[in-house]
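The chain contents come next:
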Amino acid sequence: MRLRTDIFVSALMRRVFARGDFAAVEAKGAEEAGAVFVRQIFRDGTESLHAPAPQSFFDEDDSGRRLFETRLDRVEATAVTDAVARERRFDGDLWVVSIETDDLGDLIAFAGEEPKDDGFFRR
């Protein structure tokens with residue numbers, strides 16, 4: 001079973017703040033099942049856009065975790081703004097979370113990566 005989107009976003013924001021970085025919900029979508037887009041803002045002013053990975057990346061026995069793929073990597077802010085606007089026209093229920101950090105680290109999982117074993121929680 002997949003975690004509700006509002007709970008996922010809340011947990012993501014807490015993890016960002018615990019690291020000493022900043023995050024904000026730029027657009028709030030459907031609380032139960034909205035897609036989440038992560039807008040990563042770098043110190044040099046460039047941005048990356050991370051979107052939900054296609055369903056083909058998920059296994060049958062996947063535990064409901066959310067996987068992301070990078071759509072735009074270190075581009076001008078206007079390119080990310082335009083891409084988000086196009087996505088919102090297609091899906092008005094999506095969430096956009098802006099995170100100001102140079103390294104996402106273990107904040108979100110990317111498609112094609114092996115889950116990390118942090119020694120406490122086994123994924």
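Residues numbered from 1 in each chain as written. Predicted model: local features only at pLDDT ≥ 70, side-chain atom pairs only at ≥ 80, totals over all residues. Heavy atoms only, no water.

**Focus: the pairing of strand β2 (residues 36–41)**
- Among the six residues of β2, five are classified as buried, and the element is accordingly described as predominantly covered.
- Pairing of β2 with strand β5 (residues 95–100) involves six bridges; the strand directions are parallel. Counterpart to R39 in the pairing with β5 is S98.
- In this sheet, strand β3 (residues 47–52) lies alongside β2 in antiparallel orientation, the contact comprising four bridges. Within β3, the residue paired with I41 across the bridge is E47. (Buried < 20%, exposed > 50% of the residue type's maximum accessible area, 1.4 Å probe, protein only. Helix = DSSP H or I, 4+ residues; strand = E, 2+ residues; numbered from the N terminus. Pairing = 2+ DSSP bridges.)

**What to know about helix α1 (residues 5–18)**
- Taking 1.5 Å of rise per residue, the 14 residues of α1 would be expected to cover 20 Å, and the 20 Å separating its terminal C-alpha atoms lies within 8% of that figure.
- Of the residues making up α1, those classed as buried are T5, F8, V9, L12, M13 and V16. With its buried residues spanning 130° around the axis, α1 presents them on a single face. Projecting away from the buried face of α1 at angles above 90 degrees are the exposed residues R14 and A18.
- Elements that come into contact with the buried residues of α1 comprise β1 (22–27), β2, β4 (67–75) and β5.
- Among the residues trailing α1, G20 stands out with phi positive, at a value near 90°. (Expected span 1.5 Å × (residues − 1). Arc of directions from axis to C-beta. Contact = heavy atoms within 4.5 Å.)

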